[in-house]
Amino acid sequence: MAEKNVPPYLRIAAELRRRIADGELSPGDRVPSTRRIAQEWNVALATATKVLTALRQEGLVEARPRVGTVVAERGGGGPARTSPDEHARTAARTASPSGSAPAHDRELTRDRVVGAAVALADSEGLAALSMRGVAARLGVAAMSPYRYVNSKDDLVSLMADAVLAEAEYPRDAPAGWRSRLELGARTLWALHRAHPWLAQIGPLTRPLAVPSLIAYSEWMLGALDGHGLDPATMLDLNALIYSYIQGTAVHLEREAQAASTTGLTDEQWMDSQTAAYAALVASGRFPTFAKVLGSFGDEGYDLRLDAMFELGLTSMLDGLTALIEDPRRARP
């Protein structure tokens, strides 16, 4: 096959395959994200997704939540290298004669489409999600997912419902409203930790009408029920706690996106800002900031989202105690 006739995704995959084989990319190293591939080779995101899908199918790379796509550990000498010609011939063999749908298309289900979309969003972020990208990840025709999902918005709703369904709430609720709210909030935080894109699904004012999200609200409202709160206050408090979790979790995917765009970890980025912060501290304009920052010495301050989440949750629930347990408020 002449080079000019090789599909772009195969040419790009061949280049990344070479980098892995030559040791430029070692096991555990991040490979370019779909966004980086699209920018570097000037191709569509769907084409970039096909690149990573091809390498993943060969066992050369693997997706890791909150990290991205990395070079897979080599076992048994590593996978055999496959030429672009061989990839093209394999792709051709998956198609049925007489223009019928490829074999992969006929094996599709809604669950497979949703599962592929979740895996794509977990590794590349919600911004990289597209129907074409999902099709490429599944190795099917670009329009095939539309047989099971009407639109990208519908797909995101199904994805959210699927991952929120991973939450487990015990049949016997913990004693006390606070313990129940803590369990619900920490469960939702853990889901956002596992699926950072979940914080991007939509604004608080436009909640998704999906069973799994209502199940979360049912648990939280059950903790607030029976304490003399009016219905509007109960819903406001439920939304407040959800908003706090979502607002904190939004930084998980933003950090992953920043790392993908800059190529720097958060520690490396902070190191690059050392001179700028030192100048601000030395300016004398911000004495309290300088005093607090200086108290950490050479090690500096380490922002830990999990610890900050717990601090915020404790503070919020401490504040709710006065509202929920106020003996002056009449009980129904």
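The rules we used
- Residues numbered from 1 in each chain as written.
- Predicted model: local features only at pLDDT ≥ 70, side-chain atom pairs only at ≥ 80, totals over all residues.
- Heavy atoms only, no water.
- Helix = DSSP H or I, 4+ residues; strand = E, 2+ residues; numbered from the N terminus.
- Contact = heavy atoms within 4.5 Å.
- Areas by Shrake-Rupley, 256 points an atom, 1.4 Å probe, with all protein chains shown as cover.
- pLDDT = per-residue confidence, 0-100.
- Core = buried A, V, L, I, M, F, W, Y, C linked by side-chain atoms within 4.5 Å.
- Buried < 20%, exposed > 50% of the residue type's maximum accessible area, 1.4 Å probe, protein only.
- Domains from an automatic or database assignment.
- Axes fitted to C-alpha atoms, helices over the stretch in contact; angles between N-to-C directions.
- Parallel < 35°, antiparallel > 145°, perpendicular 65-115°, else oblique.
- Nonpolar A, V, L, I, M, F, W, Y, C, P; charged D, E, K, R; others polar.
- Expected span 1.5 Å × (residues − 1).
- Phe/Tyr/Trp six-rings, centres within 6.5 Å; stacked < 30°, edge-to-face > 60°.
- Lys NZ or Arg CZ within 6 Å of the ring centre and 35° of its normal.
- Patch = residues over 30% accessible without salt bridge, like charges linked within 9 Å, V, L, I, M, F, W, Y side chains within 5 Å.
- Salt bridge = Lys/Arg side-chain N within 4 Å of Asp/Glu carboxyl O.
- Lys, Arg positive; Asp, Glu negative; His and termini not counted.
- Charge placed at Lys NZ, Arg CZ, Asp CG, Glu CD.
- Left-handed = near helix turned anticlockwise from the far one by under 90°.

Draft legend 1. Just the overall build of the chain, in detail. Across its full length, the chain holds 15 helices and two strands. Here the analysis covers contacts within the chain between residues at least 6 apart in sequence; of these, 69% occur between residues at least 24 apart. Of the roughly 18,200 Å² that the chain leaves accessible, carbon and sulfur atoms contribute 54%.

Draft legend 2. Local environment of the confidence of the model for the chain. When pLDDT is averaged across the chain, the result is 83; 85% of the residues are at 70 or more. Every residue in residues 76-100 scores below 50 in pLDDT, and together they form 28 contacts with partners more than four places removed in sequence or on other chains.

Draft legend 3. Focus on the nonpolar core. Grouped together as the largest cluster of nonpolar side chains are 58 residues, with contacts concentrated most on Leu155 and Met159. Of all the secondary-structure elements, those providing two or more residues to this core are helix H6 (110-124), helix H7 (131-138), helix H8 (152-164), helix H9 (177-194), helix H10 (211-224), helix H11 (231-262) and helix H15 (305-324). Counting residues per element, this core draws most heavily on H11, which supplies nine residues. In terms of domain composition, this core takes at least three residues from each of domain 2 (107-151) and domain 3 (177-263 + 302-329). Beyond its immediate sequence surroundings of up to four residues, leucine 155 is in contact with Val113, Val114, Ala117, Leu129, Met131, Val134 and Val149. Counting residues in hydrophobic clusters, the runner-up holds 18 residues, among them Tyr9, Leu16, Ile20 and Leu25.

Draft legend 4. Layout of the packing of H6 against H8. Relative orientation of the contacting elements H6 and H8 amounts to 85 degrees, with a least axis distance of 9 Å. Compared by their axis directions, H6 and H8 come out roughly perpendicular. For the pair H6 and H8, the contacting residues are Arg110, Val113, Val114, Ala117, Val118 and Ala121 in the first and Leu155, Leu158, Met159, Ala162 and Val163 in the second. Class assignment for the residues of the contact of H6 with H8 results in 10 nonpolar, no polar and one charged.

Draft legend 5. Highlighting H6. The end-to-end C-alpha distance of H6 is 21 Å, a good match for the 21 Å that 15 residues give at a rise of 1.5 Å each. Taken together, the buried positions of H6 are occupied by Val113, Val114, Ala116, Ala117, Val118, Leu120, Ala121, Asp122, Ser123 and Glu124. The positive-phi residue at the C-terminal boundary of H6 is glycine 125, with phi of around 95 degrees.

Draft legend 6. The packing of aromatic side chains, seen in detail. In the structure shown here, the tally under the stated rule is five aromatic pairs. An angle of 55 degrees between the planes, with centres 6.2 Å apart, marks the rings of tyrosine 216 and tyrosine 242 as tilted. Of this pair, tyrosine 216 sits in helix H10 while tyrosine 242 sits in helix H11, and the two are 26 residues apart along the sequence. Both residues of the pair, tyrosine 216 and tyrosine 242, belong to the buried class. Every member of this aromatic cluster is reached through a ring pair, and the members are Trp189, Tyr244 and Phe309. The ring centre of tryptophan 219 lies 4.1 Å from the NZ or CZ of arginine 180, which sits over that ring.

Draft legend 7. View of unusual backbone geometry. One non-glycine residue, asparagine 42, lies in the positive phi region at around 55 degrees. Position of asparagine 42 relative to the elements: it lies in the loop between helix H2 (34-41) and helix H3 (45-57).

Draft legend 8. Layout of a negative patch on the surface. Taken together, Glu255, Asp266, Glu267, Asp271 and Asp302 make up a surface patch of like negative charges. The element that contributes the greatest number of residues to the negative patch is helix H12 (residues 266-272), accounting for three residues. Position of aspartate 302 relative to the elements: it lies in the loop between helix H14 (287-294) and H15. Classification of aspartate 302 by relative accessible area gives exposed; the value is 54%.

Draft legend 9. Highlighting the pattern of salt bridges. Applying the stated criterion across every chain, the model contains 10 salt bridges. Among the ionic pairs, aspartate 318 bridges to arginine 178, the shortest N-O distance being 2.8 Å. Of the two residues, aspartate 318 is situated in helix H15 and arginine 178 in helix H9; the sequence distance between them amounts to 140 residues.

Draft legend 10. Region of interest: the environment of glutamine 200. With respect to the helices, strands and loops of the structure, glutamine 200 is situated in the loop between H9 and H10. By relative accessible area, which is 31% here, glutamine 200 ends up partly exposed. Separated by 53 residues in the primary sequence, glutamine 200 and glutamate 253 have C-alpha atoms spaced 8.5 Å apart.

Draft legend 11. Representation of the side chain of arginine 137 in the model. Inspection of the secondary structure puts arginine 137 in helix H7. Despite its burial, arginine 137 remains without a salt bridge, the nearest opposite charge being carried by glutamate 124 at 6.2 Å. Excluding residues within four positions of it along the chain, arginine 137 makes contact with Thr49, Thr53, Arg56, Ala63, Ala116, Ala119, Leu120 and Ser123.

Draft legend 12. Region of interest: the side chain of glutamate 182. Relative to the helices and strands, glutamate 182 is located in helix H9. Since its relative accessible area comes to 18%, glutamate 182 is described here as buried. Each residue touching glutamate 182, except ones within four places of it in the same chain, is listed here: Leu313 and Leu317.

Draft legend 13. Up close: the packing of H9 against H15. One way to put it is that H9 packs onto H15 with a least axis distance of 11 Å and a crossing angle of 150 degrees. In terms of orientation, H9 lies roughly antiparallel with respect to H15. The way H9 lies across H15 gives a crossing that is right-handed. In contact with Trp177, Arg178, Leu181, Glu182, Ala185, Arg186, Trp189 and Arg193 of H9, H15 contributes Leu305, Asp306, Phe309, Glu310, Leu313, Thr314, Leu317, Asp318, Leu320, Thr321 and Ile324. Of the residues in the contact of H9 with H15, the class split is 10 nonpolar, two polar and seven charged.

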